[in-house]
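# A closer look at the structure
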Amino acid sequence: MQEIVAIIRSEGSFNLEKMEVFEVPWDANVEDINIFDKERSGKIVAACVRAYMEPMLLSHFGPCLDLDGVFDIYAQKIGDRLATKTSSYFTPVISLTRKGSQI
């Protein structure tokens, strides 16, 4: 969080009004063990990761990389992981106001 605050301050255009960090489970159904499906959960997580990783992977490896195959394997591995351990990630929620503006 300190890095985010430092970037906002150094940029200088905004006031930081509020910032909170939330822990988000990778599988939204983590609370209900009767609904858990490791294949489905693995595919959901893999699709999320693919959304932000695909452009970087294509840029680095080019179109010869079999992204479908890569993320199919990743989905299996993350599904196996979620079947044995609950995993989550953290996401910041930030409220900014532009300096000099009136609300």
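Here the residue numbering is sequential within each chain, running from 1 through the sequence in written order. Per-residue local features of the predicted model are confined to residues with pLDDT of at least 70, and side-chain atom pairs are confined, for both listing and counting, to 80 or more; whole-chain, interface and lining totals are unaffected and use all residues. To obtain the side-chain values, all non-hydrogen atoms of the structure were included, while hydrogens and water were left out.

## A few points about the pattern of salt bridges
- Just to be clear on terms, a salt bridge is a Lys or Arg side-chain nitrogen sitting within 4 Å of an Asp or Glu carboxyl oxygen. Under the counting rule described, the total for this entry stands at five salt bridges.
- Where E20 meets K18, a salt bridge forms, and the shortest distance between an N and an O atom there is 3.0 Å.
- With a shortest N-O distance of 3.1 Å, E54 and R50 are connected by a salt bridge. Of this pair, E54 and R50 both sit in helix α2 (residues 38-61), four residues apart, which is roughly one turn of the helix.
- Residue burial is assigned from relative accessible area. The probe radius is 1.4 Å, only protein chains are included, and a residue is buried under 20% of its type maximum, exposed over 50%, and partly exposed in between. Judged by relative accessible area, E54 falls into the partly exposed class, the value being 26%.
- One connected set of salt bridges, linked through shared partners, spans R50, E54 and D68. Secondary structure follows DSSP: runs of H or I at least 4 residues long count as helices, runs of E at least 2 residues long count as strands, and numbering of each begins at the N terminus.

## Here we look at the packing of aromatic side chains
- Working definition: a ring pair exists when centres of Phe, Tyr or Trp rings (six-membered ring for Trp) sit within 6.5 Å. Plane angles under 30 degrees give stacked, over 60 give edge-to-face, the rest tilted. One pass over the full model with this rule turns up one aromatic pair.
- Centroid distance F71 to Y74: 6.4 Å. Interplanar angle 80°. Geometry classified as edge-to-face. Here F71 pairs with Y74, and both are found in helix α3 (residues 67-84), just three residues apart, close to one helical turn.

## Side note on the environment of I73
- Mapped onto the elements, I73 comes out in helix α3.
- Between the C-alpha atom of I73 and that of K43, which follows or precedes it by 30 residues, the distance is 9.8 Å.

## A short note on the environment of E23
- By secondary structure assignment, the location of E23 is in strand β1 (residues 14-25).
- Residues E23 and K99, spaced 76 residues apart in sequence, show a C-alpha to C-alpha distance of 30 Å.
- Residues count as neighbours in contact if any of their non-hydrogen atoms are within 4.5 Å of one another. Filtering out sequence-adjacent residues up to four positions away, E23 remains in contact with S88, Y89 and F90.
- Pairs of N or O atoms are called polar contacts if they sit within 3.5 Å, as long as, within protein, a hydrogen donor faces a hydrogen acceptor (for residues adjacent in sequence, only side-chain-to-side-chain pairs). In terms of polar contacts, E23 uses its side chain to reach the side chain of S88, at 2.5 Å.

## Looking at the nonpolar core
- Grouped together as the largest cluster of nonpolar side chains are seven residues: V45, V49, L57, L67, F71, I78 and L82.
- Of all the elements in the fold, those that place two or more residues in this core are α2 and α3.
- Residue contributions to this core peak at four residues, all from α3.
- Sequence-distant contacts of V49, that is, excluding residues within four places in its chain, are made with W26, F71 and Y74. In this description, a nonpolar core means a group of buried Ala, Val, Leu, Ile, Met, Phe, Trp, Tyr and Cys residues linked to one another through side-chain atoms lying within 4.5 Å.

## Quick notes on the packing of α2 against α3
- Axes here refer to lines fitted to C-alpha atoms; in helices the fit is confined to the stretch in contact. Angles between the N-to-C directions go from 0 to 180 degrees. Contact geometry of α2 with α3 gives a least axis separation of 7 Å together with a crossing angle of 135°. Relative to α3, α2 is oriented oblique. Taken as a pair, α2 and α3 cross one another with a handedness that is right-handed. Across from K38, S41, G42, K43, V45, A46, V49, R50, M53, E54, L57 and L58 in α2, the residues of α3 making contact are L67, D68, F71, Y74, A75, I78, G79, D80, L82 and A83. Put simply, angles under 35 degrees are roughly parallel, angles over 145 are roughly antiparallel, angles from 65 to 115 are roughly perpendicular, and the rest are oblique. With the far helix as reference, a near helix turned anticlockwise by less than a right angle produces a left-handed crossing, and one turned clockwise produces a right-handed crossing.

## Some words on the side chain of T97
- Relative to the helices and strands, T97 resides in strand β2 (residues 88-98).
- One polar contact links T97 to E17, side chain to side chain, over a distance of 2.8 Å.

Everything listed here is a matter of geometry and, on its own, says nothing about what the molecule does.
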